[in-house]
Amino acid sequence: VPFRGDEAMQIYMSSDYFTAFVDRAPERLLTQPPYDIDTDPHLRILNGSVNRYLIGWFWQFAGYERDDLPPRPGWDWGLSYDDNVATAHRPSQDQLLAARLPSALLLALSIPIVFALGHTLDGRGAAYIAAALYTLNPIVLLNGGRAMQGGALLCFGLLAILAAARLTAAPRSPSARWLLWALLALASGLTLASKHSGAIFVIGAFAWLLAAALI
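Calculation rules
- Residues numbered from 1 in each chain as written.
- Predicted model: local features only at pLDDT ≥ 70, side-chain atom pairs only at ≥ 80, totals over all residues.
- Heavy atoms only, no water.
- Helix = DSSP H or I, 4+ residues; strand = E, 2+ residues; numbered from the N terminus.
- Buried < 20%, exposed > 50% of the residue type's maximum accessible area, 1.4 Å probe, protein only.
- Contact = heavy atoms within 4.5 Å.
- Areas by Shrake-Rupley, 256 points an atom, 1.4 Å probe, with all protein chains shown as cover.
- Lys, Arg positive; Asp, Glu negative; His and termini not counted.
- Charge placed at Lys NZ, Arg CZ, Asp CG, Glu CD.
- Axes fitted to C-alpha atoms, helices over the stretch in contact; angles between N-to-C directions.
- Parallel < 35°, antiparallel > 145°, perpendicular 65-115°, else oblique.
- Left-handed = near helix turned anticlockwise from the far one by under 90°.
- Nonpolar A, V, L, I, M, F, W, Y, C, P; charged D, E, K, R; others polar.
- Polar contact = N/O pair within 3.5 Å; in protein donor to acceptor, adjacent residues only side chain to side chain.
- Phe/Tyr/Trp six-rings, centres within 6.5 Å; stacked < 30°, edge-to-face > 60°.
- Core = buried A, V, L, I, M, F, W, Y, C linked by side-chain atoms within 4.5 Å.
- pLDDT = per-residue confidence, 0-100.
- Salt bridge = Lys/Arg side-chain N within 4 Å of Asp/Glu carboxyl O.

**Describing the overall build of the protein chain**
Next, step 1: Secondary structure assignment for the protein chain yields ten helices and zero strands.
Next, step 2: Counted from the first residue to the last, the protein chain has its helices and strands arranged as α-α-α-α-α-α-α-α-α-α.
Next, step 3: If you line up the protein chain on its principal axes, its C-alpha atoms span 60 × 35 × 30 Å.
Next, step 4: Across the 215 residues in the protein chain, those meeting the buried criterion constitute 43%.
Next, step 5: Once local pairs closer than 6 in sequence are excluded, the contacts in the protein chain between residues at least 24 apart make up 73%.
Next, step 6: Counting only carbon and sulfur atoms, one obtains 66% of the accessible surface of the protein chain, whose full area is about 11400 Å².
Next, step 7: When the 15 basic and 16 acidic side-chain charges of the protein chain are each reduced to a single mean position, those positions are 13 Å apart.

Here it is as structure tokens:
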């Protein structure tokens, strides 16, 4: 997967993980305006939180420290590629691999979710076709394989859609419905925390429930 500058920014912002869980000082993550461009508060409200915390955990698990993160703001768009490399704004290939693992694993986890969604809607045949089209989509593979928000967005967003589909598919016991509602709430929250545009998935899930109730 070709490197993209936004990956360095996501990796840099994984410093929030170290602030919250290593320093145990989550109060330092609070933000308030004005939000100057490329400052930590600006980058914090601009992006979702799930990916950067997972990158931080995998970064630490791989043996790297906070001092190994790229300098602020991760990728300097005012410099050339070579100058970014010279100033350590571009992570090494091993560092990039560690930072890409969370998104790649969540993307892989989203594949059986698509299969389950297809199976819920139209049986096993539709499930295989949907999963194959999704898995082999170049855009999905490209963005899900980067150290960016795509893997988390797709995984939790599709999980919210699946929960809504299961709630409307057939009559279920009260306990099963409560579990599905809890899953929908959790998946919706994680979707919004993954990327702001995940609101499209959440709106779609609840619109599905509303349409089923009206019909």
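Let's pick the thread back up.
**Topic: the environment of Val-22**
Next, step 1: Note that Val-22 resides in helix 2 (residues 15-22).
Next, step 2: Through-space distance from the C-alpha of Val-22 to that of Arg-177 is 38 Å; in sequence the pair is 155 residues apart.
Next, step 3: With residues up to four places along the chain from it excluded, the contact list for Val-22 reads Tyr-17 and Gln-60.

**So, the packing of helix 4 (residues 50-61) against helix 6 (residues 93-135)**
Next, step 1: In the contact formed by helix 4 and helix 6, the axes pass within 9 Å of each other and the chain directions differ by 130°. Comparing the axis directions of helix 4 and helix 6 gives the class oblique. Our pair here, helix 4 against helix 6, has a crossing hand that is right-handed. Here helix 4 contributes Asn-51, Leu-54, Ile-55, Phe-58 and Trp-59 to the contact with helix 6, which in turn contributes Gln-95, Ala-98, Ala-99, Leu-101, Pro-102, Ser-103, Leu-105 and Leu-106.
Next, step 2: For the contact of helix 4 with helix 6, a count of residues per class yields ten nonpolar, three polar and no charged.

**A closer look at the side chain of Ser-188**
Next, step 1: Tracing the backbone shows Ser-188 in helix 9 (residues 174-194).
Next, step 2: For Ser-188, a relative accessible area of 7% corresponds to the buried category.
Next, step 3: Engagement of the side chain of Ser-188 in a polar contact is seen with the backbone oxygen of Leu-184, the distance being 2.7 Å.

**Some details on the packing of aromatic side chains**
Next, step 1: A full pass over the atoms with the stated rule returns ten aromatic pairs.
Next, step 2: Ring geometry for Trp-75 and Trp-77: centres 6.4 Å apart, planes at 70°, overall edge-to-face.
Next, step 3: Pairing Trp-75 with Tyr-81 gives two aromatic rings, centres 5.9 Å apart and planes at 50°, and the pair type is tilted.
Next, step 4: The rings of Phe-3, Trp-75, Trp-77 and Tyr-81 are connected pair by pair, giving a single aromatic cluster.

**As for the nonpolar core**
Next, step 1: In this structure, Ile-113, Tyr-134, Phe-156, Leu-162, Leu-184 and Ala-205 are the most contacted members of the largest nonpolar core, which totals 27 residues.
Next, step 2: Mapped onto this core, the elements with two or more residues apiece are helix 6, helix 8 (150-169), helix 9 and helix 10 (199-214).
Next, step 3: In terms of residue count, helix 8 provides more of this core than any other element does, 13 residues in total.
Next, step 4: Sequence-distant contacts of Tyr-134, that is, excluding residues within four places in its chain, are made with Leu-107, Ser-110, Ile-111, Val-114, Val-140, Leu-154 and Leu-158.
Next, step 5: Residues Ala-8, Ile-11, Leu-96 and Ala-99 belong to the second largest nonpolar core, which totals 14 residues.

**Digging into the confidence of the model for the protein chain**
A low pLDDT means the predicted coordinates there should not be read in detail.
Next, step 1: Across the protein chain, the average pLDDT comes to 95, with 100% of residues at or above 70.
Next, step 2: Here helix 3 (residues 40-46) stands out as the least confident element of the protein chain, with mean pLDDT 93; helix 4 is the most confident, with 97.

**Comments concerning the pattern of salt bridges**
Two side chains of opposite charge can pair, provided their charged atoms sit close to one another.
Next, step 1: Applying the stated criterion across every chain yields a total of six salt bridges.
Next, step 2: In this structure, the salt-bridge partner of Glu-7 is Arg-100, at a minimum N-O distance of 2.7 Å. Taken together, the positions of Glu-7 in helix 1 (residues 5-13) and Arg-100 in helix 6 put the pair 93 residues apart, joining distant regions of the chain. Arg-100 matches Glu-7 in its accessibility class, with the two residues each being buried.
Next, step 3: One salt bridge in this structure joins Arg-52 and Asp-16, with 3.0 Å as the shortest N-O distance. Taken together, the residues Arg-52 in helix 4 and Asp-16 in helix 2 connect sequence positions 36 residues apart.
Next, step 4: In this structure Arg-52 comes out as buried when scored by relative accessible area, which is 5%.

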